[in-house]
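Coordinates in review
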Amino acid sequence: MTILKLVKYGEPSLRQKSKEISKISKKIQILAENMIDTMYKNNGVGLAAPQVGENIRMFVIDVSKDNEPFNPIVFINPKIIEKSGASHDKEGCLSFPNAFVDVRRYANVKVKALNLNGKPFITEAKDGSLLSRALQHEYDHLDGILFIDHSRNVFETIDVLEKNNLPPIDKTKMIDEPDIEEELLNKAENDE
Ligand code: ZN
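Below, the structure is looked at part by part. (Residues numbered from 1 in each chain as written. Predicted model: local features only at pLDDT ≥ 70, side-chain atom pairs only at ≥ 80, totals over all residues. Heavy atoms only, no water.)

1. Some words on the layout of surface pockets
The gaps left among the atoms become clear once a water-sized probe is rolled over them. Taken as a whole, the largest pocket encloses approximately 430 Å³ of empty space. Lining the largest pocket are 22 residues, with Gly44, Val45, Gly92, Cys93 and Leu94 positioned closest to its centre. Mapped onto the lining of the largest pocket, the elements with two or more residues apiece are β4 (87–93), β5 (96–105) and α2 (130–142). It is α2 that contributes the most residues to the lining of the largest pocket, 5 residues altogether. Along the lines of polarity and charge, the residues of the lining of the largest pocket split into 9 nonpolar, 8 polar and 5 charged. (1 Å grid on protein atoms, 1.4 Å probe; cavity = no way out; pocket = protein on both sides within 12 Å on 5 of 7 lines; lining within 4 Å. Points joined across faces, edges and corners; volume = space filled by probe spheres on them. Helix = DSSP H or I, 4+ residues; strand = E, 2+ residues; numbered from the N terminus. Nonpolar A, V, L, I, M, F, W, Y, C, P; charged D, E, K, R; others polar.)

Laid out in structure tokens, this is it:
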């Protein structure tokens, strides 16, 4: 078991687009195992390869609860094949110690990927569940996109980053998501 060093926000490699994995070698398998151990050690629900200094398209997720058995899933060369709906919630990231901010996400996603044996599989997640958000969060890492880019409240994010001694937000990276935001505002109105 090897606990890997985490790449923190501010390191340029977190903003790079990662490369497809052409062969699932022994090295990739060991990296996946070490990523799972590193995720558990840091109490995370997901970890992407760029967060441990490898700019390749792989991430691991385990959204099992404390009273459930471990259920790590490895995603290699993932693709989001369906996305719909709107959700938002506070998210954190192992590359941003102690920083949690409210971010926009699709409510439902379907992801296709390869497992460690090179076999394709599909994972579906709905209703803004932890799995749904984790899939979108980790997938983004492979394209150099970070959760703060989806912030609903930029001022909150600026404040949270500053309080945690993290580098400031890069406003040029922020993603405009009018469709999701409109649906969230409509939902909020209907809930009143
Ligand atoms: Zn993250």
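2. Observations concerning the packing of aromatic side chains
Under the counting rule described, the total for this entry stands at 5 aromatic pairs. With a centroid separation of 4.6 Å and 40° between ring planes, the pair formed by tyrosine 40 and phenylalanine 70 is classed as tilted. One end of the pair, tyrosine 40, is in helix α1 (residues 26–41); the other, phenylalanine 70, is in the loop between β2 (58–61) and β3 (73–84), with 30 residues separating them in the sequence. Ring centres 5.3 Å apart and planes at 50° place the aromatic pair phenylalanine 75 and phenylalanine 121 in the tilted group. One end of the pair, phenylalanine 75, is in strand β3; the other, phenylalanine 121, is in strand β7 (residues 120–125), and 46 residues separate them in sequence. The exposure class assigned to phenylalanine 75 is buried, which follows from its relative accessible area of 0%. Among the aromatic side chains, those forming a connected cluster through ring pairs are Tyr9, Phe96 and Phe147. (Phe/Tyr/Trp six-rings, centres within 6.5 Å; stacked < 30°, edge-to-face > 60°. Buried < 20%, exposed > 50% of the residue type's maximum accessible area, 1.4 Å probe, protein only.)

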